[in-house]
Every structure is written in structure tokens, then in C-alpha cells.
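Residue-level structure breakdown
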Amino acid sequence: MIRTLLARAGLIATAAFAATVLTAAPAAAHGADAPDGTDYRTRATGVTPQRPGLEVRVVEAGARLELTNDTGRAIEVIGYSGEPYLRVGPDGVFENSRSPATYLNRTITGDAALPAEADPAAPPAWRRIADGSAVRWHDQRALWQESAPPAQVRAAPDREHRVREWTIPLRDGTDPLTIGGTLDWVPPPDAYTWWAVTTVGLLAVGALGLVAAAAPAGGRALSALGSLLVVGGALAVGYPVGRELDAGAHGVGGVLVGLLSGQIWSLLTGCGAIAAGWYALSRRPAADFAVALAGACLALFAGVGNAAVFARSIAPVPWSPGMARVMVAVTLVTGAGATLAGVLRLHAAAKTPTPAPTHP
């Protein structure tokens, strides 16, 4: 029985790893192509001159801008050649199919091929793309698109640098407006330190599997693993919720839609880890197997999938990058450590000889 559980655990862990690899591209493409982290901090300083009801903010770790228009009038975003690009107002959100920006801004890299109809000098051809009064878009003017950092960053990469101040023109009827903002380089953290601390932590948690399961301390070790899985699962759920909030999701419904469409694996593994943790705390049969399986999924989907923040200074969450790294590290420590401990406990149980039946 134990050997069968071990074999199944290995197969499921392999399948989980394969699913992680196969689904990595769609998961990373949340919000079109929201980054898992970046070293460039984009900030919006506001709209000039100010208009009551007209607000702008940066979302998706700087990958997009969000313009909310509650003025009751249509506001146009101007494209790269001075042409109307987007229009947002009481009747919804529209894009100009003849604006080159409509196609260039569909990806964060801006490398889309332009169709023949893209002509900034042609009259606008408005196409409705959404309801509501808010629009989000990539804008190359607020991003650093080169593969190499700016010259001042290469000269002193350990210092923060102002890359540029940027502006994006708007139009309110015939009145010109401007979105202003800044783009800064922020030195990344030392990823090796974070990985080293994470490795030490997961080995410490995994060492709980060396405690004999039949001993009283073994029961306490299982309870400790269960408690850790509950914490790790909660963090695995909380992190993608933060990503959705950073991406501009509004309300519980908006967060749930984003989670189910782009963060489903992290959400499911987080909930599964919480369930496995409670299962272990109740000392139920096969708890070691549940701990090992839930830990493996937690480490792969919620830990490794978000580990880019170890090497990036800006995280795609609304709290500090340091807190984001701590959350991911704890998730990895909990998941990988629980997997190691669960496998060790299963291995020890498999080696324990079954008492021979006694006959009267």
C-alpha cells in the first residue's frame, strides 16, 4: 500500500511539473503579457490640467496604464503620430482601427506587424471594444523597450537612476491634456541570497520527516507540517489576489474573474494545500501522502511560478517588493519542505515491517 502511494506521488508530481512547464506561457501572459517582475519603476504623476473625474494610474508592475473617465465627456488618447488612438466616455471604450498604436500596443514589446489599414493620417475608424469608463493599454512612451539598460545604468548598476520623464497627450473635445509620469531604474536584489535562504528553510522543514512517525514527536511533526501547509496555502491564494489588484481588478467579482482566467493554478494549489494542512492536523490516514502531494503542487505552481521576484526590484503586487519576496520564499519553503518531509515519512513507513499475524 505504501509503495503504491509513493509511486502515485511520483507520477502526480511529474505530471504537476509537466503542467507547470506547458502552462507557463499562458500564466505569464496574464493581462496580455504582465511581467512577473521588472527593474523599471513606472509612475504616473497625473493629468494636466486636472479634470474632476479623470484619473490615471499604473497597473501590472508598470506594463500598462489605466485611464478612468467619469467626467461625462469623451476623452481621447493620442497615438504615436498624433492620431486619435483610444476613446473612453459615457458610451464605452473605442479604439481607432487606423491608428498604428492600436496594433503596436497589443503586446508589451510593441513588435506587432501593422495591417494595411493602419494609417495615422486617415480619418478615425472607431471600433467599440468594451463597456464602462476605464481603459488599459501598453504605452511605449512609459516603458523601456531596449534589451540593454540605459548608459547611466550600465555605468552604475547599483544605484537608482531616473531614466526619463514621459508624457502622453490626451484630448477633451478640442482641449489638449497630458498624462505625465516618470520611469526609473531600481537595482535588483541579490537572487542568490534569497535562493540560499529558501533552500536552508526547506531543508529545515523537510527534516521534520526524519522524526519517527510512530513516536509522540512524530505526531507533533505532522501537526507542524499541517500548520505550515495552511500558512503556505493562504499565501499562495493571497499572492495572485494581489496580482489581480495590481492589474487593476475592481471588486470581488473582478478579482474572481481574473483569478479564474489567469491565476487558476496558484489558486487551486493554495486551496489544496490548506485542505491538506487541515487533513494532516486531524491526523487522518494517508496524511503523509496528502502532505507530500500538496507540498509538491504548492512549490511548483505557487512558488517556482512566482520566483522571478527574487531577481527583480519591482513586483506585480500592490505591497512592497520585499514583502512579495518573503511571501514567495515562505511558499517555496513550505511546499518543498512539506514534500521532502512527506516523502521521508512515507519511505520510513514502507521500510517498517508489518507485524506477522498471531494465531491462537
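Residues numbered from 1 in each chain as written. Predicted model: local features only at pLDDT ≥ 70, side-chain atom pairs only at ≥ 80, totals over all residues. Heavy atoms only, no water.

So, on to the nonpolar core. One finds Leu67, Val77, Trp137, Leu170 and Ile179 to be the most contacted residues of the largest nonpolar core, which totals 25 residues. For this core, the elements supplying multiple residues, two or more each, are strand 1 (40-48), strand 2 (54-59), strand 3 (64-69), strand 4 (75-78), strand 5 (84-89), strand 8 (134-137), strand 9 (161-172) and strand 10 (175-185). Sequence-distant contacts of Trp137, defined by excluding residues within four places in its chain, comprise Ala63, Arg64, Leu65, Leu67, Val77, Tyr85, Leu86, Asn105 and Ile179. In terms of nonpolar packing, the next biggest core, distinct from the first, is built from 17 residues, Val205, Ala276, Val291 and Leu298 among them. (Core = buried A, V, L, I, M, F, W, Y, C linked by side-chain atoms within 4.5 Å. Buried < 20%, exposed > 50% of the residue type's maximum accessible area, 1.4 Å probe, protein only. Helix = DSSP H or I, 4+ residues; strand = E, 2+ residues; numbered from the N terminus. Contact = heavy atoms within 4.5 Å.)

Each strand in a sheet pairs with its neighbour through backbone hydrogen bonds, running either in the same direction (parallel) or in the opposite one (antiparallel). Strand order in this open sheet of 7 strands is 1-10-9-4-5-6-7, and the pairing throughout is antiparallel. Two strands lie at the open edges of the sheet, namely strand 1 and strand 7 (126-130), each paired on one side alone. Between one strand and the next, the sheet's axes are offset by a mean angle of 25°, whatever the strand orientation. Alignment of strand 9 against strand 10, held across 11 bridges, turns out to be antiparallel. Opposite Leu170, over in strand 10, you have Leu177 as the bridge partner. (Pairing = 2+ DSSP bridges. Axes fitted to C-alpha atoms, helices over the stretch in contact; angles between N-to-C directions.)

In this section: the packing of aromatic side chains. If you walk through the whole model with that rule in mind, you get 5 aromatic pairs. Ring plane angle 20° and centroid distance 6.4 Å describe the contact between Tyr40 and Trp144, whose orientation is recorded as stacked. Taken together, the residues span a long stretch of sequence, with Tyr40 in strand 1 and Trp144 in the loop between strand 8 and helix 4 (151-155) at a distance of 104 residues. Exposure remark for Trp144: the relative accessible area of 24% places this residue in the partly exposed category. Ring geometry for Trp195 versus Phe310: centroids 5.1 Å apart, planes at 85°, classification edge-to-face. Residue Trp195 is located in helix 5 (residues 191-206), and its partner Phe310 is located in the loop between helix 9 (287-303) and helix 10 (321-351); the two are separated by 115 residues in the primary sequence. These aromatic residues form a ring-pair network of at least three members: Tyr40, Trp144 and Trp185. (Phe/Tyr/Trp six-rings, centres within 6.5 Å; stacked < 30°, edge-to-face > 60°.)

Turning our eyes to something else, we now look at the sheet that holds strand 2. One open sheet holds the 3 strands; their spatial order is 2-3-8, and the pairing between them is antiparallel. Every other strand in the sheet has two partners, leaving strand 2 and strand 8 as the edge strands with one partner each. Along the sheet, successive strands turn relative to each other by an average axial angle of 20°, direction set aside. Note that strand 3 and strand 8 share 4 bridges and pair antiparallel. Paired with Glu66 across the strands is Arg136, a residue of strand 8.

The subject of this paragraph is the packing of helix 6 (residues 216-246) against helix 8 (residues 264-281). One way to put it is that helix 6 packs onto helix 8 with a least axis distance of 7 Å and a crossing angle of 160°. Comparing the axis directions of helix 6 and helix 8 gives the class roughly antiparallel. Both helix 6 and helix 8 take part in a crossing whose hand is left-handed. Residue-level contacts link Leu222, Ser223, Gly226, Ser227, Leu229, Val230, Gly233, Ala234, Ala236, Val237 and Pro240 of helix 6 to Ser266, Leu267, Gly270, Cys271, Ala273, Ile274, Ala276, Gly277, Trp278, Ala280 and Leu281 of helix 8. Class assignment for the residues of the contact of helix 6 with helix 8 results in 15 nonpolar, 7 polar and no charged. (Parallel < 35°, antiparallel > 145°, perpendicular 65-115°, else oblique. Left-handed = near helix turned anticlockwise from the far one by under 90°. Nonpolar A, V, L, I, M, F, W, Y, C, P; charged D, E, K, R; others polar.)

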